[in-house]
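Listed below, chain by chain, are the residues.
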Amino acid sequence: MGALLEADAICVTFGGLRAVDGVSFTVNAGEIIGLIGPNGAGKTTIFNALVGLQPLTSGFVRLGGERVSGLKPHRVAQKGMTKTFQNAALFPDMSVVENVTTAALLRHDLHGARTKAEAVLEKLGLNGIAQADVADLTFPQKALVEMARALATEPRVLLLDEVMAALTHSEMDEVMEVIRGLRAEGLSFLVVEHHMRAIMALCDKLLAVNFGRLLAHGTPAEVAANPQVIEAYLGHGAVGKEAAHA
Ligand SMILES: Nc1ncnc2c1ncn2[C@@H]1O[C@H](COP(=O)(O)OP(=O)(O)OP(=O)(O)O)[C@@H](O)[C@H]1O
Ligand SMILES: [Mg+2]
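Cut-offs used in this document
Residues numbered from 1 in each chain as written. Chains lettered and ligands numbered in written order. Predicted model: local features only at pLDDT ≥ 70, side-chain atom pairs only at ≥ 80, totals over all residues. Heavy atoms only, no water. Helix = DSSP H or I, 4+ residues; strand = E, 2+ residues; numbered from the N terminus. Rg over C-alpha atoms; globule rule 2.2 N^0.38 Å. Buried < 20%, exposed > 50% of the residue type's maximum accessible area, 1.4 Å probe, protein only. Contact = heavy atoms within 4.5 Å. Areas by Shrake-Rupley, 256 points an atom, 1.4 Å probe, with all protein chains shown as cover. Lys, Arg positive; Asp, Glu negative; His and termini not counted. Charge placed at Lys NZ, Arg CZ, Asp CG, Glu CD. 1 Å grid on protein atoms, 1.4 Å probe; cavity = no way out; pocket = protein on both sides within 12 Å on 5 of 7 lines; lining within 4 Å. Points joined across faces, edges and corners; volume = space filled by probe spheres on them. Nonpolar A, V, L, I, M, F, W, Y, C, P; charged D, E, K, R; others polar. Domains from an automatic or database assignment.

Chemist: Just checking my understanding: could you explain the overall build of the protein for this structure?
Modeler: Helix and strand counts for the protein stand at ten helices and ten strands. For 246 residues, the compact-globule estimate of 2.2 N^0.38 gives 18 Å, and the C-alpha radius of gyration of the protein, at 18 Å, lies within 12% of that figure. Across its three principal axes, the protein shows a C-alpha extent of roughly 50 × 40 × 35 Å. Within the protein, buried positions represent 50% of all 246 residues. Partitioning the intrachain contacts of the protein with sequence separation of at least 6 by distance along the chain shows that 65% fall at a separation of at least 24. When the accessible surface of the protein is totalled, it reaches about 11,200 Å², and 53% of it is carbon and sulfur. Here the protein carries 21 positive and 26 negative side-chain charges, and the mean point of each set is 7 Å from the other.

The following block contains the structure:
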């Protein structure tokens, strides 16, 4: 059987800048794959290209063997792939449950969307804050609500862009437990995080990028020990140093 998600030589250029330069990888059902690289490496642009927010200059994206590159983001979401935003993009004037309901409208009428939103909040242990204003949420609550919005679209592959930024270690552990629980149900994840501790603990495999190119791929230990990856991180807080403690 083919991979669930396939990126095939994807390229994105901005003027003269090759932000994503011929990146290929696959994600299988139930895998958690980490995408790492220094600031500006192209991680968010890869995510945007996968979900249809950023047109490809060349290459293909396939989901379940079907080509999704060229489709609009809501069509890609209907096919089963969506992403969270690097800086949580919740609607500030809506309650938590309303925020999640708007996402669930992808597949449901208003009544069905509300029911779906409540079910997702329950699953993530967030029913206690369903009526809260998003402005009043803590960082870990915001991260989970952002994930709840994405889950409400009923994805097969979920792309998480730095949802654990600003979390303490114990808060990260809580979010990672939620991700592992969802994976146990068959959901696949691509995860961008700068916290190497979280990446090493969570991911089955890593993809390392720099200057829009794939530098290395393999198990977390293999990638963290790769000389090119260590070189890319020198002066950036060092993957190698943290990996030594993982
Ligand atoms: N819309 C855009 N127009 C022009 N250049 C862009 C645009 N978006 C990103 N870039 C550039 O593309 C490159 C990759 O950026 P991207 O945001 O994908 O990096 P990143 O790996 O997500 O970085 P970070 O870890 O800081 O979030 C950078 O050089 C960035 O300045
Ligand atoms: Mg980014």
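Chemist: I tried to follow the layout of surface pockets on my own but got confused; where do I start?
Modeler: Gaps left between atoms show up when a probe the size of a water molecule is rolled over them. Taken as a whole, the largest pocket holds about 380 Å³ of empty space. Along the walls of the largest pocket sit 18 residues, with Thr 82, Lys 83, Phe 85, Arg 149 and Thr 153 positioned nearest its centre. Mapped onto the lining of the largest pocket, the elements with two or more residues apiece are helix 2 (73-79), strand 6 (81-83), helix 3 (96-104) and helix 5 (139-151). Of the residues belonging to the lining of the largest pocket, the class tally is ten nonpolar, five polar and three charged. Taken domain by domain, the makeup of the lining of the largest pocket includes at least three residues from each of domain 1 (5-80 + 155-243) and domain 2 (89-154).

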